[in-house]
There are 2 protein chains.
Amino acid sequence: MKMKISRREILGAGTVAGCAAIGGALLKGANVAAASPSAAAVPWTWKKMDPAEIQERAYQSAWEKIGCMYGACESILGTLADRYGAPYNTFPVDATVYGSGGIGGIGSVCGTVNASGLLFNLFVKNQNDLFALCSEMSLWYEKASLPVYRPKKPKVDIEIVRSVAGSNLCHISSTKWANASGYKVLTNEHFERCNRLVADAAAEIVRMLNEYDAGNMAFKQKLNDFSQQCLSCHGPGNTTANVASGMTCNPCHENPH
Amino acid sequence: MKMKISRREILGAGTVAGCAAIGGALLKGANVAAASPSAAAVPWTWKKMDPAEIQERAYQSAWEKIGCMYGACESILGTLADRYGAPYNTFPVDATVYGSGGIGGIGSVCGTVNASGLLFNLFVKNQNDLFALCSEMSLWYEKASLPVYRPKKPKVDIEIVRSVAGSNLCHISSTKWANASGYKVLTNEHFERCNRLVADAAAEIVRMLNEYDAGNMAFKQKLNDFSQQCLSCHGPGNTTANVASGMTCNPCHENPH
């Protein structure tokens, strides 16, 4: 543990709504929908779909390129493109392969969380909603026991152990699963786990966009108590205010108090 | 420090070339350039430009939406769109605002590293190159003392202290700078620092794409010795093989050996 926390007092706990507010503050005055002169304009119209219907496509697309961000984006944008054409078919979805393995294999943010941000940004109407949805998806990813999806045509037809990532980072998520399952990383079993998880994440993104578009999005996720305590001093607007984060703190930070 | 490392022996040190190979393995058999039936095809043609010429635009665009990923993408794609039109003007660049604050304010990967992945993916010809460039950019970001850029028309006209992030994560990078400068996070001074950094990162992306496109890309970055030791057991193909990461380990992990 190298991060030093410089004040010892723990004040009242923050909320994940606070994190969404942080997000909003970051984009104060910005208008997500305003197109730059040279860019195709967003938001695009969201079209309701059954979350379950895109899951096999997400899984198969993820296998096609070992692309977690790609699988989530291709299954959703590709389904919309097949049904409705433009603007959905104008997006260069192959340019989302880079999200694999936490951005080009460097183990940073999971490609499904990255995909969710891009997809929300294509469809939601303002920056507060965008940031709140990103936070909700990230905390869902951190806390869910995954993968749940069982492919219709599995590439690796075995039982896949579930694990809880506890973090939105690819390398932490994958290590947790490797340790839980006994399989090594970057094996076919590992890819099978990740690609089933892509199907779960893609369904969650669709579920959230359906709810959001219908005007009844229910935000349910909260940072855990440990992290809320950290941010009650270190978060923006508080005593120390040297940390801007909506990630769960305890996978990497101990409580020094 | 919660991550347990389960074997004590330290073997020979790995290399960042190994990380690129990991990236390549992740995408074995994939073809980045192959468009799905419904998607605009990549790669697009890269057009050489002077890294310095897009920096003020990157800085100003980043301020426009407090968008780090957006500022990097808009300055490069927008410049290409202004000069050459399609396909560069078909990309919905406003949909990259989500990368702000480590994806919707959650403090994960810095939006400039996220932008670099997307931009490389739009222009490079195969997955090995894509992953190697992502790794190079991430390590550049982790190690560089930033920001260097001095805006022509600064929004906050003060001296900005430089700091070394040591990580590609937004919240670590921002906290390092906040502690070095004494400014609180999510203040105008913090945004000034981040938006100057966007100009530095955008120039680095252009420099790399110029070199890559000319066929003389020189990969210079290496993981530090500490991280290479970790991966010499825990990395793919090694004894334990439970970690797939090209991020520097020591910001979050101590050496338990």
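Note that the coordinates shown come from a computational prediction; the quantities given were computed from them, not determined experimentally.

1. Things to note about the pattern of salt bridges
No. 1: In the structure shown here, the tally under the stated rule is 18 salt bridges over all chains.
No. 2: One salt bridge connects K65 of chain B with D94 of chain B, and the closest N-O pair in it is separated by 3.5 Å. Here K65 of chain B, found in helix 2 (residues 55–65), pairs with D94 of chain B, found in the loop between helix 3 (68–84) and helix 4 (111–123); they are 29 residues apart in sequence, far enough to count as distant. Residue K65 of chain B shares its accessibility class with D94 of chain B, and that shared class is buried.
No. 3: In the salt-bridge network here, residues are joined through shared partners; they are R57, E74 and D82 of chain A.

2. Details of the nonpolar core
For soluble globular proteins, nonpolar side chains are generally found buried alongside one another.
No. 1: Ranked by size, the top nonpolar core spans 108 residues in total, and within it I76, F120 and F123 of chain A together with I76, F120 and F123 of chain B carry the most contacts.
No. 2: Residues within four places of F120 of chain A in sequence aside, it is in contact with L130, L133, C134, M137, I205, M208 and L209 of chain A.

3. Side note on the packing of helix 2 (residues 55–65) of chain A against helix 3 (residues 68–84) of chain A
Residue and element names in this part refer to chain A.
No. 1: Relative to each other, helix 2 and helix 3 sit at 125°, their axes nearing to 8 Å. Considered as vectors, helix 2 and helix 3 are oriented oblique to each other. Remark: the crossing between helix 2 and helix 3 carries right-handed chirality. Contacts between helix 2 and helix 3 involve R57, A58, S61, A62, E64 and K65 from the first element and Y70, G71, E74, S75, G78, T79 and D82 from the second.
No. 2: For the contact of helix 2 with helix 3, the class distribution of residues is three nonpolar, five polar and five charged.

4. Some thoughts on the relation of the copies chain B and chain A
No. 1: Once chain B has been moved 0.0 Å along the axis and rotated by 180°, it coincides with chain A to within an RMSD of 0.0 Å. In short, the pair behaves as if placed about a two-fold rotation axis.
No. 2: A share of 100% of the interface residues of chain B reappears at the interface of chain A, consistent with the copies meeting face to face through the same patch.

5. Overview of the interface of chain B and chain A
No. 1: At the interface, 87 residues of chain B touch 87 residues of chain A.
No. 2: Interface of chain B and chain A: buried area, both sides summed, is about 6900 Å²; carbon and sulfur atoms make up 63% of it.
No. 3: Applying the counting rule to chain B against chain A returns zero salt bridges.
No. 4: Counting across the chain B and chain A interface gives 23 residue pairs in polar contact (both at pLDDT 80 or more).
No. 5: Counting only elements with at least two residues in the side of chain B that touches chain A, the list comes to helix 1 (16–26), helix 2, helix 3, helix 4, helix 5 (127–143) and helix 6 (170–181) of chain B.
No. 6: Grouping the amino acids of the side of chain B that touches chain A by side-chain chemistry returns 47 nonpolar, 31 polar and nine charged.

6. Some remarks on the packing of aromatic side chains
Residues and elements named next belong to chain A.
No. 1: Overall, the coordinates contain 17 aromatic pairs over all chains when judged by the stated rule.
No. 2: Each ring, one from W44 and one from F123, has its centre 6.3 Å from the other, and the planes form 75°; the classification is edge-to-face. Note that W44 is positioned in the loop between helix 1 (16–26) and helix 2 and F123 in helix 4 (residues 111–123), a separation of 79 residues in sequence. The residues W44 and F123 share a single accessibility class, namely buried.
No. 3: With 6.3 Å between their ring centres and 90° between their planes, W63 and F191 make a pair best called edge-to-face. Highlighted residues: W63 in helix 2 and F191 in helix 7 (residues 188–213), separated in sequence by 128 residues.

The rules behind the values
Residues numbered from 1 in each chain as written. Chains lettered and ligands numbered in written order. Predicted model: local features only at pLDDT ≥ 70, side-chain atom pairs only at ≥ 80, totals over all residues. Heavy atoms only, no water. Salt bridge = Lys/Arg side-chain N within 4 Å of Asp/Glu carboxyl O. Helix = DSSP H or I, 4+ residues; strand = E, 2+ residues; numbered from the N terminus. Buried < 20%, exposed > 50% of the residue type's maximum accessible area, 1.4 Å probe, protein only. Core = buried A, V, L, I, M, F, W, Y, C linked by side-chain atoms within 4.5 Å. Contact = heavy atoms within 4.5 Å. Axes fitted to C-alpha atoms, helices over the stretch in contact; angles between N-to-C directions. Parallel < 35°, antiparallel > 145°, perpendicular 65-115°, else oblique. Left-handed = near helix turned anticlockwise from the far one by under 90°. Nonpolar A, V, L, I, M, F, W, Y, C, P; charged D, E, K, R; others polar. Least-squares fit on C-alpha atoms with pLDDT ≥ 70 in both. Buried area = accessible area lost by both parts, 1.4 Å probe. Polar contact = N/O pair within 3.5 Å; in protein donor to acceptor, adjacent residues only side chain to side chain. Phe/Tyr/Trp six-rings, centres within 6.5 Å; stacked < 30°, edge-to-face > 60°.

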